[in-house]
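Listed below, chain by chain, are the residues.
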Protein chains: 14
Amino acid sequence: MDPVSVIALASIITAGITLAIGCFGAALGEARAGAQALQSIAQQPDEANSITRTLFVSLAVIESSGIYCFVLAMILVFANPFWNWAIQSAGG
Amino acid sequence: MDPVSVIALASIITAGITLAIGCFGAALGEARAGAQALQSIAQQPDEANSITRTLFVSLAVIESSGIYCFVLAMILVFANPFWNWAIQSAGG
Amino acid sequence: MDPVSVIALASIITAGITLAIGCFGAALGEARAGAQALQSIAQQPDEANSITRTLFVSLAVIESSGIYCFVLAMILVFANPFWNWAIQSAGG
Amino acid sequence: MDPVSVIALASIITAGITLAIGCFGAALGEARAGAQALQSIAQQPDEANSITRTLFVSLAVIESSGIYCFVLAMILVFANPFWNWAIQSAGG
Amino acid sequence: MDPVSVIALASIITAGITLAIGCFGAALGEARAGAQALQSIAQQPDEANSITRTLFVSLAVIESSGIYCFVLAMILVFANPFWNWAIQSAGG
Amino acid sequence: MDPVSVIALASIITAGITLAIGCFGAALGEARAGAQALQSIAQQPDEANSITRTLFVSLAVIESSGIYCFVLAMILVFANPFWNWAIQSAGG
Amino acid sequence: MDPVSVIALASIITAGITLAIGCFGAALGEARAGAQALQSIAQQPDEANSITRTLFVSLAVIESSGIYCFVLAMILVFANPFWNWAIQSAGG
Amino acid sequence: MDPVSVIALASIITAGITLAIGCFGAALGEARAGAQALQSIAQQPDEANSITRTLFVSLAVIESSGIYCFVLAMILVFANPFWNWAIQSAGG
Amino acid sequence: MDPVSVIALASIITAGITLAIGCFGAALGEARAGAQALQSIAQQPDEANSITRTLFVSLAVIESSGIYCFVLAMILVFANPFWNWAIQSAGG
Amino acid sequence: MDPVSVIALASIITAGITLAIGCFGAALGEARAGAQALQSIAQQPDEANSITRTLFVSLAVIESSGIYCFVLAMILVFANPFWNWAIQSAGG
Amino acid sequence: MDPVSVIALASIITAGITLAIGCFGAALGEARAGAQALQSIAQQPDEANSITRTLFVSLAVIESSGIYCFVLAMILVFANPFWNWAIQSAGG
Amino acid sequence: MDPVSVIALASIITAGITLAIGCFGAALGEARAGAQALQSIAQQPDEANSITRTLFVSLAVIESSGIYCFVLAMILVFANPFWNWAIQSAGG
Amino acid sequence: MDPVSVIALASIITAGITLAIGCFGAALGEARAGAQALQSIAQQPDEANSITRTLFVSLAVIESSGIYCFVLAMILVFANPFWNWAIQSAGG
Amino acid sequence: MDPVSVIALASIITAGITLAIGCFGAALGEARAGAQALQSIAQQPDEANSITRTLFVSLAVIESSGIYCFVLAMILVFANPFWNWAIQSAGG
């Protein structure tokens, strides 16, 4: 295969796999934190405020892992330096 | 295989795998959060409101992981920059 | 293999795998939520209404993951842009 | 291999794998819900009616995942657009 | 390999794998439901009737997953449209 | 390889794998049901009759999964339509 | 490879794998049933008779799975119809 | 490879794998039964006799799985009908 | 493939896999720590301050693992010494 | 590869894998039985004699699985009938 | 492929995999230690000081595993003796 | 590859894998027995002697599995009959 | 590939995998010991000294496993006898 | 590849894998024993001496598994009889 095909092939597959695994982990993690928050509220309703606050902090930190993967996937699809180089040298 | 086939092949497979894994994780996560909410309501009926509110926040955050994967799958199928380039250079 | 065969091959397999994994996750998730609802009703019969309502919301959100996969599978089988392009250029 | 063989090969294998995984998940899910219903009836016999009703709703939703996979398998075996195109162009 | 061999190969293997996975899931699911029924009867002997009735409903629904796979396996072995087409075009 | 070898190869391997997986699942399932029955008898000796009856029903349903696989294996080894066609066309 | 080698290769490997998996499942299942019987006797010594009787029934049913696999393995090694055909046509 | 090498290769590997898996399962199963017997004796010393008797029955049944695999391995190494045929036709 | 393609291929895939696995682990770890913090606050509300402080330290240390992987991925995509050498020698 | 190399290759690898898996299972099984014996002695010191006796029986039966594998490995390395035939026909 | 490509390929992939696995383990380990510290503080608030001190020691030791992997990854990317030799002999 | 390389390759890899798996199992098994002994001593200090004695017996039996694998590895590296034959026939 | 490339390839990959697996195990092990120490301090604060001392001994022994792997990785990268021989014979 | 490369390749990879798996098992095992010792000390402080003594014996036995693997790895890297033979016959 020519370099252009190789790089396109790798970029598409990598973007998908990276986003899939990253989101899989983030979904499981957020579910764990959210489920525990629900349990804690049921157990100690008076602390609902501080539990909710801690939950939001946790969700934000966990979500950041998914965001990193999403950013890399977008870079690979829309702003890929390898691809730019490849179509530039193929078109040159 | 020519570049067009390679890119189409990779796009189709990646779209499917990404969406499948992302939805698998989202479904498991939402099930965990939802099941815990049901348990918490049974345990502490008086807090049903705050439990439901926290559940909806959690479901929204978890669902966002599935949405990311769905967006990438749609981009790969309907607005794929690699495919546009490939059919453009094949047709040129 | 010619491009038409490649794209048909990838579309068929991807549609099946995507739907299978998506439905597998949805089935497990819905089973978890449903089983927990049954347990909660047995534990707190007086809250059967709010438990059932929360269960339906959860089932709907979880089912949406399966629906996404079903939609992608249908797109790949009946409205596949790559396939349309391939048979168009093969017939041209 | 010629396109006809490729498409037939992919259709047969995909139909089987999709149905197998979908039914596997549905069977496990229905077993989980059913087992929990049995446990709940033993625990709270007075609520047998609402437990049974919720069980049937859950079984129906879980079964729908298996039905989706069954439908796709039947489409691939008996109403496959790729196959129709292939034998049409092979016979043309 | 010629198309006839390919289709026969795929049909035999797919029939076996589909039936095996489907029966594996059904056996595990039925065992789970049956074991839970035995436990519930021991725990609440007075409800043996409604437990048995719910068990039979659950077993029927779970068994349906195995039946779907059995039907597909029989179709692939004895009434396979791809095979019919293949031996027809090979004999023509 | 010629078609006869391919079909013989696939039939032998599929018969073995199908029977093995099916019996594996059936053995695990029957063990689970049987173990639970033993536990239930020890817990509630007065209900030994209804427990034993429910156990036999469960064992029969679970065993049916193994029987399906056994039937398919026997069909593939002794009454295989693909094999009959293959040796018929090879001998013709 | 010639058909005789292919069939011998497949028969030997399939016989071994089938027997191994079938015996693995049977051993685990029988161990589970046996261990539960030991626990039940220790818990309810007065019911040792009915426990032992139920154990024997369970062991017999579980062992039948292993026997099926053993039978298939013996058929493949000593009374293999494919092998008979192969050495007959090779010697003819 | 010539048929003699193929059959020898398959026989050696299959004998080893079959014996290994069969003994693995038997060892785990016997360990489970034995450990449970030790626990039961500690819990109910007065029933040591009937526990030991049941343990021996269980061990014998579980060991039979390992013996089946051992027998097949010995057949494949020392009394292999395929091997006999192969060296006979190679030497003929 | 020429060296440029090889290095681009390896860089893209490695960046994605590394980031995906690293973020997966970080997400699971942060979820575990966050869920435990929620549980601890519900259990001992008076210690919410020291629990929150310890949680932030733990999240920072866990997040550092994800950051390492993100840094490597960025180095591989935007400041890859192997790639610089390859396009330099390819362009020279 | 010539038959001698093939048979030597298969014998060495099979001997190692068989022994490794068999010993792995035996080690885990013996550990389980031994650990349970230690727990039982701590729980019921007066029965140390019958516990130790049962432990030794169990260890002997479990060890026999490892011995079977060891015997097969030694046969394959030092008294391999296939190897004897191969070097005999190679030297003849 | 020429040696330069081979070494670059191996260095990039190995650096990523090593860092990913190392960070995955470190993240899980630190999460376990951190979660346990949170639980211990909630259980025994008076010992928060010694718990925090022990936690920091544990985190440092666990983090060292991740650091080792990070160091190796940096060596492979920026100070790789094999790569230096390869470009030196390629340029010589 | 020539027979000498094949046999050396197989011997080295098999020795390593066999020893690794065997030691892995032995280490896990000994850890389980040792941990249980520590727990038993803490639970019943008066029986430390008989616990320690049983522990040593168990460790010896478990260690024997590792020793078997070590012996086979040493045989394959230093007293390999296949290797001796190979270098003898290569040098002859 | 020439011997130099082969040895460099194997050394780089092996160094990375060995260090990664070794550190993964060490991190998990240290986390387990550290978490247990935190729990023990919370449970028995008066024994903090002897617990901390035992923890440090355990951490040192566990860390030694990681150190072994680190040493081997460094040997493979910086003092590899195979590599020294290869570049010596390549340069000779 | 020539014999020298093959043997070097196998030796390097086997040394790494063997050491990695062996250390992985040893680290997990030692962590289990160490964690249990910490728990036992917290539970029964008066027996700290005999617990520590038993812990050291267990650690020594478990560590021996890792040492075996380390010894084999060192033999393969620095005193490999196959390598000595290979460079001797290559240099002869």
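The structure displayed is predicted, hence computed values, not measured ones.

Some words on the overall build of chain A
Point 1. The helix and strand inventory of chain A stands at three helices and zero strands.
Point 2. Ordered by position from N to C terminus, the α and β elements of chain A give α-α-α.
Point 3. Structurally, chain A occupies a C-alpha span of about 70 × 20 × 10 Å along its principal axes.
Point 4. Residues classed as buried in chain A amount to 61% of the 92 residues present.
Point 5. Partitioning the intrachain contacts of chain A with sequence separation of at least 6 by distance along the chain shows that 77% fall at a separation of at least 24.
Point 6. When the accessible surface of chain A is summed, it comes to about 3,000 Å², and 61% of that surface belongs to carbon and sulfur atoms.

Considerations on the packing of aromatic side chains
Point 1. Across all of its chains, the model carries 56 aromatic pairs over all chains by this definition.
Point 2. Between tryptophan 83 of chain A and phenylalanine 82 of chain B, the ring centres sit 4.7 Å apart and the planes meet at 85°, which makes this aromatic pair edge-to-face. Of this pair, tryptophan 83 of chain A sits in helix α3 (residues 81-91) while phenylalanine 82 of chain B sits in helix α3 (residues 81-91), placing the two residues on different chains. The pair formed by tryptophan 83 of chain A and phenylalanine 82 of chain B is uniform in burial state, with each residue classed as buried.

Structural notes on helix α3 (residues 81-91) of chain J
Point 1. If you check which residues of α3 of chain J are buried, you get Phe82, Trp83 and Ala86 of chain J. What you see down the axis of α3 of chain J is that its buried residues fit within an arc of 95°, all on one side. Turned more than 90 degrees from where α3 of chain J packs its buried face, Gln88 and Gly91 of chain J sit exposed.
Point 2. The inward-facing, buried residues of α3 of chain J contact α1 (3-43), α2 (48-78) and α3 (81-91) of chain H, α1 (3-43) of chain J together with α3 (81-91) of chain L.

Regarding α3 of chain L
Point 1. Tucked inside the fold, the buried residues of α3 of chain L contact α1, α2 (48-78) and α3 of chain J, α1 (3-43) of chain L together with α3 (81-91) of chain N.
Point 2. Structurally, the start of α3 of chain L carries an N-cap: the backbone nitrogen of phenylalanine 82 of chain L is 3.1 Å from a side-chain oxygen of asparagine 80 of chain L.

Let's talk about the relation of the copies chain D and chain E
Point 1. Rotating chain D by 26° and translating it 0.0 Å along the rotation axis places it on chain E, where the RMSD comes to 0.0 Å.
Point 2. An overlap of only 20% is found between the interface residues of chain D and their copies at the interface of chain E, pointing to separate contact surfaces.

Describing the interface of chain G and chain H
Quite often, the size of an interface is put as the accessible area lost when its parts meet.
Point 1. The interface is formed by 42 residues belonging to chain G together with 41 residues belonging to chain H.
Point 2. In total, chain G and chain H occlude about 3,600 Å² of area from one another, counting both sides; carbon and sulfur atoms represent 80% of this.
Point 3. The three residues of chain G that bury the most area against chain H are Ile12, Leu38 and Ala42 of chain G, which together make up 18% of that side's buried surface.
Point 4. Applying the counting criterion to the chain G and chain H interface returns zero salt bridges.

Examining the UniProt feature "transmembrane region" (unreviewed entry) in chain A
Residues and elements named next belong to chain A.
Point 1. Per the UniProt entry, the sites bearing "transmembrane region" (unreviewed entry) are residues 6-28 and 55-79 in this numbering.
Point 2. Between the end C-alpha atoms of residues 6-28 there is a gap of 33 Å, over a span that is 100% helix and 0% strand.
Point 3. The span residues 55-79 shows a helical share of 96% and a strand share of 0%, and its end C-alpha atoms are spaced 34 Å apart.

Quick word on the interface of chain D and chain E
Point 1. Of the residues lining the interface, 41 residues belong to chain D; the matching set on chain E comes to 41 residues.
Point 2. Around 3,600 Å² of area is buried between chain D and chain E when both sides are counted, 80% of it from carbon and sulfur atoms.
Point 3. It is Ile12, Leu38 and Ala42 of chain D in chain D that bury the most area against chain E; as a group they hold 18% of the surface buried on that side.
Point 4. At the junction of chain D and chain E, the tally comes to zero salt bridges.
Point 5. Summed over the shared surface of chain D and chain E, the result is three residue pairs in polar contact (both at pLDDT 80 or more).

Notes on the packing of helix α1 (residues 3-43) of chain F against helix α3 (residues 81-91) of chain F
Residues and elements named next belong to chain F.
Point 1. Interaxial distance between α1 and α3 falls to 9 Å at its minimum, and their mutual angle equals 160°. On the basis of their axis angle, the class for α1 and α3 is roughly antiparallel. Between α1 and α3 lies a crossing whose hand is left-handed. Two secondary-structure elements touch here, α1 through Val4, Ile7 and Ala8 and α3 through Phe82, Trp83, Ala86 and Ala90.
Point 2. A breakdown of the residues in the contact of α1 with α3 according to their chemical character gives seven nonpolar, no polar and no charged.

Focus: the nonpolar core
A general trend in soluble globular proteins is that nonpolar side chains are found buried together.
Point 1. Counting residues in hydrophobic clusters, the biggest one holds 260 residues, and the most contacted among them are Leu19 of chain A, Leu19 of chain B, Leu19 of chain E, Leu19 of chain K together with Leu19 of chain N.
Point 2. In contact with leucine 19 of chain E, other than residues within four places in its own chain, are Cys69, Phe70 and Ala73 of chain E together with Tyr68, Cys69 and Leu72 of chain F.
Point 3. In this structure, Ala33 and Leu59 of chain A, Ala37 of chain L together with Ile51 of chain N belong to the second largest nonpolar core, which totals 160 residues.

Observations regarding the arrangement of the chains
Point 1. Nothing in chain C touches chain E, and the closest approach of their C-alpha atoms is 12 Å.
Point 2. One thing to see here is that chain E and chain I don't touch, and their nearest C-alpha atoms sit 29 Å from each other.

Some details on the side chain of threonine 14 of chain K
Residue and element names in this part refer to chain K.
Point 1. Positionally, threonine 14 belongs in helix α1 (residues 3-43).
Point 2. By relative accessible area, threonine 14 is classed as buried at 5%.
Point 3. At 2.6 Å, the side chain of threonine 14 forms a polar contact with the backbone oxygen of alanine 10.

Rules used throughout
- Residue numbers restart at each chain and count upward from 1, following the sequence in its written direction.
- Chain letters start at A and ligand numbers start at 1, both assigned in the order the entries are written.
- A pLDDT threshold of at least 70 governs which residues receive local features in this predicted model, and a stricter bar of 80 or more applies before side-chain atom pairs are shown or counted, although totals over entire chains, interfaces and linings include all residues.
- Hydrogen atoms and water are omitted, and side-chain values are computed over all heavy atoms in the structure.
- Segments assigned H or I by DSSP are reported as helices when at least four residues long, segments assigned E as strands when at least two residues long, and all are numbered from the N terminus.
- A simple rule labels every residue: compare its accessible area, found with a 1.4 Å probe on the protein chains alone, to the largest value its type can have, and call it buried under 20%, exposed over 50%, or partly exposed in between.
- Working rule for contacts: check all heavy atoms of both residues, and any pair within 4.5 Å makes them a contact.
- All accessibility values rest on the Shrake-Rupley procedure with a 1.4 Å probe; residue burial counts only the protein chains present in the view.
- Aromatic pairing here means that ring centres of Phe, Tyr or Trp (its six-membered ring) are within 6.5 Å. Orientation follows from the plane angle: under 30 degrees is stacked, over 60 is edge-to-face, and everything else is tilted.
- Regarding the arc, it is the one traced by the directions from the helix axis to the C-beta atoms.
- Side-chain atoms alone can form a polar contact between residues adjacent in sequence; in general such a contact is a pair of N or O atoms within 3.5 Å, and within protein one must be able to donate a hydrogen while the other accepts it.
- We place the copies in one frame by least squares, fitting the C-alpha atoms of every residue whose pLDDT is at least 70 in both.
- Summed over both partners, the accessible surface that disappears when two parts come together, traced with a 1.4 Å probe, is what is meant by buried area.
- The term salt bridge refers to a side-chain nitrogen of Lys or Arg lying within 4 Å of a carboxyl oxygen of Asp or Glu.
- UniProt positions are given in the numbering used here, feature names are shortened, and annotations may be inferred rather than shown by experiment.
- To define axes, lines are fitted to C-alpha atoms, for helices over the stretch in contact only, and angles between the resulting N-to-C directions are given on a 0 to 180 degree scale.
- For classification purposes, an angle smaller than 35 degrees is called roughly parallel, one larger than 145 roughly antiparallel, one from 65 to 115 roughly perpendicular, and anything else oblique.
- When the near helix sits turned anticlockwise from the far one by under a right angle, the crossing is termed left-handed; a clockwise turn instead gives a right-handed crossing.
- Residue polarity follows a fixed list, in which Ala, Val, Leu, Ile, Met, Phe, Trp, Tyr, Cys and Pro are nonpolar, Asp, Glu, Lys and Arg are charged, and the others, Gly among them, are polar.
- Nonpolar core, defined: a set of buried Ala, Val, Leu, Ile, Met, Phe, Trp, Tyr and Cys residues in which side-chain atoms within 4.5 Å join the residues together.

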